[in-house]
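Here's the letter readout for the chains.
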Amino acid sequence: MKEVKQIIDGIQASDGDGVQLVRIIGTSFFDSLDPFLLFDAFGSDKPQDYIGGFPSHPHRGFETVTYMLAGKMRHEDSAGNSGVIESGGVQWMTAGKGIIHSEMPEQEEGLLAGFQLWVNLPASHKMIAPAYQEKSAEEVPSESRGEECTVKVIAGTTRLGTKGIIENNFVNPTYWDIHLSQSASFEDAIPVGHNSFIYLIEGSVIIGQRKTLINKGQMAVLGSGASLKIESQQDARFLIIAGKPLNEPVERAGPFVMNTRREVAQAFADYQAGKLA
Ligand code: MN
């Protein structure tokens, strides 16, 4: 059974044009959890915390995953794609060899909340053509386990056989958004060998046989073992995210994540030469 290996609180950070967020993966305290390079939680009802958004910027070599809990985010990219991600919707963008995009709040007031996860691509696929999958809340399968547990299955397959809406054969990710009512429990399994973590959106839970307590806003890095047991102390909502580690060298600088310094330098050169658009 999986036990908690480490608890991460994240740090306050600002990115894009002054967007206030909590960075949980991708800090000097917790650099990465292969294949995950970055995990940000943003959430505020103060427009000055988010209104600047993330104006036009490039990416190469990995995937960005945006999952919205509240509010609306408009994206546009150099491949001609655009759309609005709304509450409960997800965008899984494969930057591949390069894309330039903007991610801007569609609203001028009210609550804006969600997550961004960066998922590394294997060396063999870092230079593939960019692509994205965008799904609305209605398209994300929702698995009901009685009245006390609901699982929104963005990626991966649950033990009851519900398959996620996102296709990804690079790291075969799991991305579940789970609601548990008070004093309920959730049991499932994560593919053996995958790295995994839990992030508490609301409430508190206890994990594994050692019954480690995790509170709102905390991330728990999970150890090996396949089976997962999570019990709620009060109404709780949490994400379970897992993926196959790539075990490859990582060289990152800003929006580019490659395997060697030379490749990162090439990414900057290509961006400056207008080759990412
Ligand atoms: Mn971006």
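Please refer to the structure higher up on the page.
How each quantity is defined
Residues numbered from 1 in each chain as written. Predicted model: local features only at pLDDT ≥ 70, side-chain atom pairs only at ≥ 80, totals over all residues. Heavy atoms only, no water. Salt bridge = Lys/Arg side-chain N within 4 Å of Asp/Glu carboxyl O. Helix = DSSP H or I, 4+ residues; strand = E, 2+ residues; numbered from the N terminus. Buried < 20%, exposed > 50% of the residue type's maximum accessible area, 1.4 Å probe, protein only. Donors = N, O, S within 2.8 Å, 3.2 Å for Na, K, Ca; no water. Pairing = 2+ DSSP bridges. Axes fitted to C-alpha atoms, helices over the stretch in contact; angles between N-to-C directions. Polar contact = N/O pair within 3.5 Å; in protein donor to acceptor, adjacent residues only side chain to side chain. Contact = heavy atoms within 4.5 Å.

Moving on, we come to the pattern of salt bridges. Within this structure, the stated rule accounts for 10 salt bridges. Between Arg145 and Asp188 there is a salt bridge whose closest N-O contact spans 2.6 Å. Highlighted residues: Arg145 in the loop between β13 (142–144) and β14 (149–155) and Asp188 in strand β16 (residues 185–189), separated in sequence by 43 residues. Residue Asp188 is classed as buried on the basis of its relative accessible area of 5%. Put simply, Asp15, Arg23 and Asp40 are held in one network by salt bridges that share partners.

The subject of this paragraph is the coordination of the manganese ion. Summarising the metal site, the manganese ion is bound by the protein donors His57 (NE2), His59 (NE2), His101 (NE2) and Glu103 (OE), whose distances to it range over 2.1 to 2.4 Å. Mapped onto the polypeptide sequence, the residues donating to the manganese ion form the spacing pattern H-x1-H-x41-H-x1-E. Residue His59 is located in strand β5 (residues 54–59), and its partner Glu103 is located in strand β10 (residues 99–105); the two are separated by 44 residues in the primary sequence. Each member of the pair, His59 as well as Glu103, carries the same accessibility label: buried.

So, about the sheet that holds β10. With antiparallel pairing, 4 strands are arranged side by side in an open sheet as β5-β10-β7-β8. Edge positions in the sheet fall to β5 and β8 (82–86), since each of these pairs with one other strand and no more. Going across the sheet, the axis of each strand differs from the next one's by a mean of 25 degrees, ignoring polarity. With 5 bridges connecting them, strand β7 (residues 72–77) and β8 associate as antiparallel partners. In the sheet register, His75 faces β8, and the bridge partner there is Gly83.

With respect to topology, 7 strands assemble into an open sheet ordered β1-β20-β17-β22-β15-β14-β13, the strand pairing being antiparallel. Of all the strands in the sheet, the pair left with one neighbour each is β1 (4–8) and β13. Recorded for the sheet is a direction-independent mean angle of 20 degrees between the axes of neighbouring strands. In this structure, β1 lies alongside strand β20 (residues 219–222), joined through 4 bridges in antiparallel fashion. The residue bridging Ile8 from the neighbouring strand is Met219, located in β20.

This next bit is on unusual backbone geometry. In this chain, Asp34 is followed by Pro35 through a cis amide linkage whose omega measures 10 degrees. By the secondary structure assignment, Pro35 is in the loop between β3 (19–25) and β4 (36–44). The phi dihedral of Ser183 falls on the positive side, at around 55 degrees, and the residue is not glycine. Among the structural elements, Ser183 can be located in the loop between β15 (174–180) and β16.

In terms of burial, strand β22 (residues 236–243) is largely enclosed, as 8 of its 8 residues are buried. Of the two faces of β22, the one lined by Ala236, Phe238, Ile240 and Ala242 and the one lined by Arg237, Leu239, Ile241 and Gly243 are each fully buried. Bridging between β15 and β22 involves 7 bridges; their strand directions are antiparallel. Counted as the bridge partner of Asp177 is Leu239 from β22. With 7 bridges connecting them, strand β17 (residues 195–202) and β22 associate as antiparallel partners. Paired with Glu202 across the two strands is Arg237, which belongs to β22.

What follows is about the side chain of Gln91. Along the chain, Gln91 falls in strand β9 (residues 90–94). Residue class for Gln91 comes out buried when judged on its relative accessible area of 2%. A polar side-chain atom of Gln91 sits 3.1 Å from a polar atom in the side chain of His75. Contacts of Gln91, omitting those with residues within four sequence positions, involve Thr64, Val65, Thr66, His75, Ile85, Tyr132, Gln133 and Glu134.

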